[in-house]
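# Chains, contacts and geometry: an overview
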Amino acid sequence: MTPKKKTVTIRDVAKLANVSYQTVSLVINNKPGVSVKTRKRILRLMDELDYRPNHAAQMLTTNRSQTLELILVDIEHSGRLAESTKRMAHAAKQTGYNLLVSETTEEELGATLDSARARLVDGVVLYAPLLWMEDDVLEALSHDLPLVRRDYRPGSRLAWVGFDQVYAARLAVEHLIQLGHRQIAAIPPKTQILNGHWRYTAWENVIQENGLEPGPVAFGDYSMESGYQAALKLIQSGERFTAVVVGTDGMAMGALRGFRECGLNVPDDVSVVGFDNSELSRYTDPLLTTVEFKFIKQDELAVRYLVDLLTDPTMELHQRVLLPNLIVRDSTRQFESP
């Protein structure tokens, strides 16, 4: 009979590393107070000994599970979701946490947060692009569970990380106005979506601030097909426009096809601006002018902000607002009167 392999303990690692077990604990929990040289030596020994921390014991000692949860609420279109989830999991791992992922609806959000607490999750990143819930209601549902939203939510006093959608829309519209366009249409995401609401509102405001009349509008839902159908609706409206602001690069790709099928050349007949600076924007014909959101930064900041709140529970809640950039390519040009 093969003898049972002896379980390696934290004290075994400490003894071989010639440090205290408290020092090994700091390394395991990714805490400061250990020199780089010592930390590397302990990590190497843990690997050589195939040491696995006793998470149950850690939870009893620290009242922490070292686990975060990403809760997705009413996600309808998930084009970037896999990449964002991977980046957030990586950011959590770098700070010593594991990341669980769950999906729910607005109606079931309270039960989902209750389940997170029951699993002793330390904190939650909430990705809820359709959630207009008031702060007091969300606070009541979370029951003091630390929570950071990965959404642009102006007016909320809670913790969130998001790109300024009003500024983003302003970049797009003002670019077209500077090119001489005066009849600017819009294909925004539907206004039930937080980003869609703010982009549409900003498009209207910037148009009016410049003494112009809003052009025709046809809403989409983030899909290429909706962008294609919206482009056809703009043309069928009979209203004149020389440029269009489209809610996402994917929708813009659909719109490009719609315009082409109707005999309109981009950018000679109509200039097009998208949002996201997605990979496909560099392969469209023509290359797409777009507002760039560096989602990798948003994903990482949302997790790190949550870890900051866990590290310092007295930290005052605030909002981390990110600013996008305009990437000018071939789908926009100076307007020339016929």
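Only a predicted model underlies this, so the values are computations on that prediction, with no experimental measurement involved. (Residues numbered from 1 in each chain as written. Predicted model: local features only at pLDDT ≥ 70, side-chain atom pairs only at ≥ 80, totals over all residues. Heavy atoms only, no water.)

Before going further, it helps to examine a nonpolar patch on the surface. On the surface, Tyr167, Val321 and Leu323 cluster together to form a nonpolar patch covering roughly 270 Å² of accessible area. A relative accessible area of 53% places Leu323 in the exposed class. (Patch = residues over 30% accessible without salt bridge, like charges linked within 9 Å, V, L, I, M, F, W, Y side chains within 5 Å. Areas by Shrake-Rupley, 256 points an atom, 1.4 Å probe, with all protein chains shown as cover. Salt bridge = Lys/Arg side-chain N within 4 Å of Asp/Glu carboxyl O. Buried < 20%, exposed > 50% of the residue type's maximum accessible area, 1.4 Å probe, protein only.)

All right, on to the nonpolar core then. Within the largest apolar cluster, 44 residues are counted, with the highest numbers of intra-cluster contacts made by Leu68, Val173, Ile184, Trp203, Val245 and Val303. Examining the composition of this core, we find that eight residues originate from one element, helix α12 (residues 295-311), more than from any other. Among the domains, domain 2 (67-163 + 296-324) and domain 3 (165-293) are the pair contributing at least three residues each to this core. Setting aside chain neighbours within four positions, we find Trp203 in contact with Ala169, Val173, Ile184, Ala185, Ala186, Pro214, Gly215, Val217 and Val245. One finds Leu234, Val244, Ala252 and Val272 within the second-largest nonpolar core, a separate group that totals 18 residues. (Core = buried A, V, L, I, M, F, W, Y, C linked by side-chain atoms within 4.5 Å. Helix = DSSP H or I, 4+ residues; strand = E, 2+ residues; numbered from the N terminus. Domains from an automatic or database assignment. Contact = heavy atoms within 4.5 Å.)

A cis amide bond, omega 15°, links Val266 with the succeeding residue Pro267. Looking at the secondary structure, you find Pro267 in the loop between α11 (249-261) and β8 (271-276). Although it is not a glycine, Asp74 sits at a positive phi angle of roughly 50°. Looking at where Asp74 falls in the secondary structure, it is placed in the loop between β1 (67-73) and α5 (81-94). Even without being glycine, Asn277 reaches a positive phi, approximately 55°.

Evaluated as defined, the whole model comprises nine aromatic pairs. Taking 5.5 Å as the distance between ring centres and 90° as the angle between the ring planes, the aromatic pair formed by Tyr152 and Trp160 counts as edge-to-face. Considered together, Tyr152 and Trp160 belong to a single accessibility category, that of buried residues. Judged by centre distance (6.4 Å) and plane angle (15°), the rings of Phe275 and Phe293 are stacked. Here Phe293 lies in the loop between β9 (289-292) and α12 and Phe275 lies in strand β8, a separation of 18 residues in the sequence. Judged by its relative accessible area of 1%, Phe275 falls in the buried class. Cation over ring: Arg80 sits above Phe295, and NZ or CZ is 3.9 Å from the ring centre. Residue placement shows Arg199 over the ring face of Phe275; its charged tip is 4.6 Å from the ring centre. (Phe/Tyr/Trp six-rings, centres within 6.5 Å; stacked < 30°, edge-to-face > 60°. Lys NZ or Arg CZ within 6 Å of the ring centre and 35° of its normal.)

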